Amino acid sequence: MFSKTAKPVMYSAAWRISLWATLAFACGTLLVFVFLHRFVADDIQRRSDAWLSGEVEVLGDVAERTPKDALYDRVVGEVAELAGKEVPNKLLSESSSNDSVFFLQTGSDGSRQLWVGAGDGEPALKAIQAVKIVSDHPTDLHVQGFGVPFRVASIRLDDGSHIYLGLSERDELRVLRSLRLRFFLLWLLIVLFGFSIVFYTTRRMLSHVRRIGEAASGIGHSDLTARVPMTQKHDEISDLALTLNHMLDRIESSMHQLHTITDSLAHDLRSPLTAIRGKLEMSLSTLMQVEQAEPIVSAIEELDRLTDFLNKSLDVAEAKADALRLSPVALDLDELLRIMIDLYEPSMSEKGLQISLQSGGPLTIEADAALIHRMIANLFDNELKHLPPACSVTIRLGIEEDSASLILDDDGPGFDSEMLLHLFERRVRGKDSNGHGLGLAFIDAVARAHGGTVAASNRESGGARITVALPIVSKRSS
Amino acid sequence: MRLLLVEDELDIQRFLKTSLTEAGYQVETAPDGKTAERAAIDGQFDVLIVDLGLPDQDGISLILKLRQLGVRAPVLILSARRSVDDRVRGLEQGGDDYLTKPFALAELLARLRNLTKRNSSSGAEATRLRVLDLEMDLLRREATRSGQLLQLTPQEFVLLEYLCRNAGRVVTRSMILDQVWGMRIQPDTNVVDVHIYRLRGKVDGPGLQPMIRTLRGVGYVLKDR
């Protein structure tokens, strides 16, 4: 399942997609939990407020009905203490000393009259005096000495005194805290679970896509019969594979068509050429007089030139469509160049040209031998035809990265700057060239068919340079 | 020597038959695969010429079928296709040969000779060649003309050896390129002519009878008479 490539998981699209999806999911669930929390907190608040309001009313009632005698403090205090035992949200394990509730009665002048609760009630009185507490409406109250605020409800008695009932929010907060903790753990679990599900599915999806990509890139120029793998399911991925395969079908069929056209063109032209050449040769052999032979001989030579032109045109046409057929073999360029130089040297020295090779020893590449032979012959023919006498040609053979580099330098007049731009196009030739303008186009075609390049330039020191780069391992072998 | 020519183009068939008969072959022709199959099984042929583009079937399939039927004669394949098929390469390694159209008659004849010679395997190779007063010692890599040692480069020696082995017969430029330099190319320039010209300067010295003749438009002959 996990990548066969060395690429870390962090850089995969599946990782990015899952990260973003999880982020969105986490935000969504967090929002839901926040609302839920809000709702629960409000509900708890409302319930304790209801209790407070109810209790404070009862206490007010008791305080009013109880005669203001010596027993008043005890009766009201008793009732207040009883009320403190029925606090909502109270934990059972809580210690007996009840500091979560207080009862305070103040006189009309605001002085403390009765206090039930922890301590002497002085801080609570101060806090109550500091804020204005509206009757019937419980309010938060921060009392000095206590970490958590109290919820305080008050009621005004007819004699102008006030009764305050305070309930610590400690228990309420504890409930909410434990709720938050549970929410957080649940949220974490859901997010992790969601992430792994998203990651797993996108990863699986994208591994299909990757396999399709790998298969598609493996389908080379000489191997158009291969197809990308199809998945069992009927989804977008299988649609993609199907589309790619349809496209490959079309490419293969148009390649096939091109081959059929060029082959039948070659065949249709070659058969009559063969017959004509044969007849000319036969009439040449039966001729007695030399003068009569001349037109026949030149006709045969023209025919051979025509054949060569036909071959090169079709090769260039196929190469331009990336459809040149190759049968790669191991080929030592160093050895080949030495043989070629041996072949061309007499013609060159006859013309006053010098040719030399600088090579770092054997250099074997995977290439179509016949095409490379013809390509190098073309390069040499080119020099031979266009260089003025007393020039020299230097060939350098070396390795550059994973390509064999073949550099032809001469010290002739160089290329026309105008021609330089269109050098490798068909039918381009110098003003005084007698060729058919296919030479360089053919060289370019062969290099391209092998996944290599050709570049032509004028050297700063004068003369032309043609650089051919051919991959050492053929990229296009099937 | 009996030869079966399998070729559907009548023009080519006609001139090939004439030239081959002139060259001393007993030629029988077949215009398609079916006829060729029957003819090849009935007649004892020494060599076959098969065109790849037959009307009823692929030339290669025909050759493979004939091989299965026990026809052992070597085959010269004629191809009008541009690229040489891998299957043709396979047959070439199996002892057959191929020629692309259009071809020079001289080359066709030379390849036919090679095929039949290969088949009859004429014992040990000679170490000395002799054509008129030209002698070549293949072991010592020396050549003499009228007893005079010729100063030849190794390449010129190989070229002269090839001419000697084909003395009296026409060799074309492409045959020389194929046999001496080992490549099937068609240079736009006269590279082979210059080699021959230099060789001639050494072999046909002043006062000697010229031996290397140029047949324009065709090739060269080393005279043996």
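Residues numbered from 1 in each chain as written. Chains lettered and ligands numbered in written order. Predicted model: local features only at pLDDT ≥ 70, side-chain atom pairs only at ≥ 80, totals over all residues. Heavy atoms only, no water.

A. Highlighting the nonpolar core. Judged by nonpolar contacts, the single largest core of 84 residues is most densely connected at Phe380 of chain A together with Ile176 of chain B. In terms of residue count, helix H8 (residues 369–386) of chain A provides more of this core than any other element does, nine residues in total. The residues contacting Ile176 of chain B, other than those within four sequence positions of it, are Leu159, Tyr162, Val171, Trp181, Val192, Ile196 and Tyr220 of chain B. Residues Ala39, Leu52, Ala73 and Leu91 of chain B belong to the second largest nonpolar core, which totals 22 residues. (Core = buried A, V, L, I, M, F, W, Y, C linked by side-chain atoms within 4.5 Å. Buried < 20%, exposed > 50% of the residue type's maximum accessible area, 1.4 Å probe, protein only. Helix = DSSP H or I, 4+ residues; strand = E, 2+ residues; numbered from the N terminus. Contact = heavy atoms within 4.5 Å.)

B. Spatial organisation of the pattern of salt bridges. Residues and elements named next belong to chain B. In total, this model carries 38 salt bridges over all chains according to the counting rule given. For Glu37, the salt bridge goes to Lys65, with nearest N and O atoms at 3.4 Å. In this pair, Glu37 is assigned in helix H2 (residues 33–42) and Lys65 in helix H3 (residues 59–68), connecting sequence segments 28 residues apart. A single salt-bridge network, built from bridges that share partners, covers Asp97, Glu107, Arg111, Asp178 and Arg184. (Salt bridge = Lys/Arg side-chain N within 4 Å of Asp/Glu carboxyl O.)

C. Quick look at the sheet that holds strand E3 (residues 139–141) of chain A. All names here are of chain A. Spatially, five strands are ordered E2-E1-E5-E4-E3 in an open sheet, and the strand pairing comes out antiparallel. The outermost strands of the open sheet, each flanked by one partner alone, are strand E2 (112–116) and E3. Averaged over all neighbouring strand pairs, the angle between strand axes comes to 25°, with direction disregarded. Together, strand E1 (101–106), strand E4 (150–156) and strand E5 (162–168) form the strand contacts of helix H1 (residues 13–65), whose direction differs from that of E5 by roughly 145°. Where helix H2 (residues 72–85) meets the sheet, it contacts E1 and E2, and its direction lies at approximately 40° from that of E2. (Pairing = 2+ DSSP bridges. Axes fitted to C-alpha atoms, helices over the stretch in contact; angles between N-to-C directions.)

D. Here's a closer look at helix H10 (residues 439–449) of chain A. Across the eleven residues that make up H10 of chain A, a large majority, ten, are buried. Among all positions in H10 of chain A, only Gly439, Leu440, Ala441, Phe442, Ile443, Asp444, Ala445, Val446, Ala447 and Ala449 of chain A are buried.

E. Molecular detail of unusual backbone geometry. A cis geometry characterises the amide bond from Lys101 of chain B onward to Pro102 of chain B, with omega recorded as -10°. Within the secondary structure, Pro102 of chain B is located in the loop between strand E5 (97–100) and helix H5 (105–120). In this structure, Ala390 of chain A is a non-glycine residue whose phi angle is positive, near 70°. Within the secondary structure, Ala390 of chain A is located in the loop between H8 and strand E9 (392–400). Ala390 of chain A sits in the exposed class, given a relative accessible area of 69%.

F. Main features of the packing of aromatic side chains. In this structure the tally under the stated criterion is eight aromatic pairs over all chains. Judged by centre distance (5.6 Å) and plane angle (85°), the ring pair of Trp15 of chain A and Phe195 of chain A falls under edge-to-face. Within this pair, whereas Trp15 of chain A is found in helix H1, its partner Phe195 of chain A is found in helix H4 (residues 170–218), the two being separated by 180 residues in sequence. By the ring-pair criterion, three or more aromatic residues cluster together here, those being Trp15, Phe195 and Phe199 of chain A. Across from the ring centre of Phe45 of chain B, 4.8 Å away, lies the NZ or CZ of Arg2 of chain B, which sits over that ring. Stacked on the ring of Tyr98 of chain B, the Lys or Arg Arg184 of chain B has its end atom at 3.9 Å from the ring centre. (Phe/Tyr/Trp six-rings, centres within 6.5 Å; stacked < 30°, edge-to-face > 60°. Lys NZ or Arg CZ within 6 Å of the ring centre and 35° of its normal.)

G. Spotlight on the pairing of strand E12 (residues 219–222) of chain B. Where strand E10 (residues 170–171) of chain B and E12 of chain B come together, two bridges link them in antiparallel fashion. Following the sheet pairing, Val170 of chain B is matched in E12 of chain B by Val221 of chain B.

H. Representation of the interface of chain B and chain A in the model. Each partner contributes residues to the interface: chain B has 41 residues there, and chain A has 45 residues. Surface buried jointly by chain B and chain A totals about 3800 Å² across both partners, of which 55% is contributed by carbon and sulfur atoms. Counting every contact that joins chain B to chain A gives two salt bridges. Between Lys279 of chain A and Asp11 of chain B there is a salt bridge, and its shortest N-O distance comes to 3.3 Å. The tally of links from chain B across to chain A stands at nine residue pairs in polar contact (both at pLDDT 80 or more). Elements with a minimum of two residues in the side of chain B that touches chain A: helix H1 (10–22), helix H4 (86–93), H5, helix H7 (173–181) and helix H8 (191–203) of chain B. Its residues assigned to classes, the side of chain B that touches chain A shows 18 nonpolar, twelve polar and eleven charged. (Buried area = accessible area lost by both parts, 1.4 Å probe. Polar contact = N/O pair within 3.5 Å; in protein donor to acceptor, adjacent residues only side chain to side chain. Nonpolar A, V, L, I, M, F, W, Y, C, P; charged D, E, K, R; others polar.)

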